[in-house]
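# Remarks on the overall topology
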Amino acid sequence: MFQSDVDTAGRETLRLIGPDPQNWSPDRQGIDHNVAIIGGGQSGSAFAFALRRAGIGKVTLIDFSLLRTSRTKP
C-alpha cells in the first residue's frame, strides 16, 4: 500500500507527541460530551485536537456539508 511522505511525517509527529493524556473531566450521568465544537474546518479541528491534548475527553466535532453529486439537483 502506498503512503505519501506527508502521511509518514504525520504519523511520526503523533508518535513523538505521545498518547493522549487521561481525561481529567469527571463523567456526569446523562452528558454525552464535555465540549461541542461547531464547525470542522481548520480552526475547529485544531481546537478539538488541542482540547484532547490538554486532557479533556468527550470532545465532539460537528460539521455540516452539502454533498453535491451528478445526481443532485442544484
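All of the points below concern the structure found in this document. The structure displayed is predicted, hence computed values, not measured ones.

### A word on a nonpolar patch on the surface
- There is a patch of nonpolar side chains on the surface, built from Leu14, Ile17 and Phe49 and spanning about 270 Å² of accessible area.
- Inspection of the secondary structure assignment puts Leu14 in helix α1 (residues 5–17).
- For Leu14, a relative accessible area of 49% puts it in the partly exposed group.

### Concerning the pattern of salt bridges
- Tallying each qualifying case throughout the model produces 4 salt bridges.
- The residue Glu12 makes a salt bridge to Arg15 at a minimum N-O spacing of 2.7 Å. Residue Glu12 and its partner Arg15 are both found in helix α1; the two are separated by 3 residues, about one turn of the helix.
- On the basis of relative accessible area, Arg15 is assigned to the exposed category, the value being 54%.

Conventions adopted
Residues numbered from 1 in each chain as written. Predicted model: local features only at pLDDT ≥ 70, side-chain atom pairs only at ≥ 80, totals over all residues. Heavy atoms only, no water. Patch = residues over 30% accessible without salt bridge, like charges linked within 9 Å, V, L, I, M, F, W, Y side chains within 5 Å. Areas by Shrake-Rupley, 256 points an atom, 1.4 Å probe, with all protein chains shown as cover. Salt bridge = Lys/Arg side-chain N within 4 Å of Asp/Glu carboxyl O. Helix = DSSP H or I, 4+ residues; strand = E, 2+ residues; numbered from the N terminus. Buried < 20%, exposed > 50% of the residue type's maximum accessible area, 1.4 Å probe, protein only.

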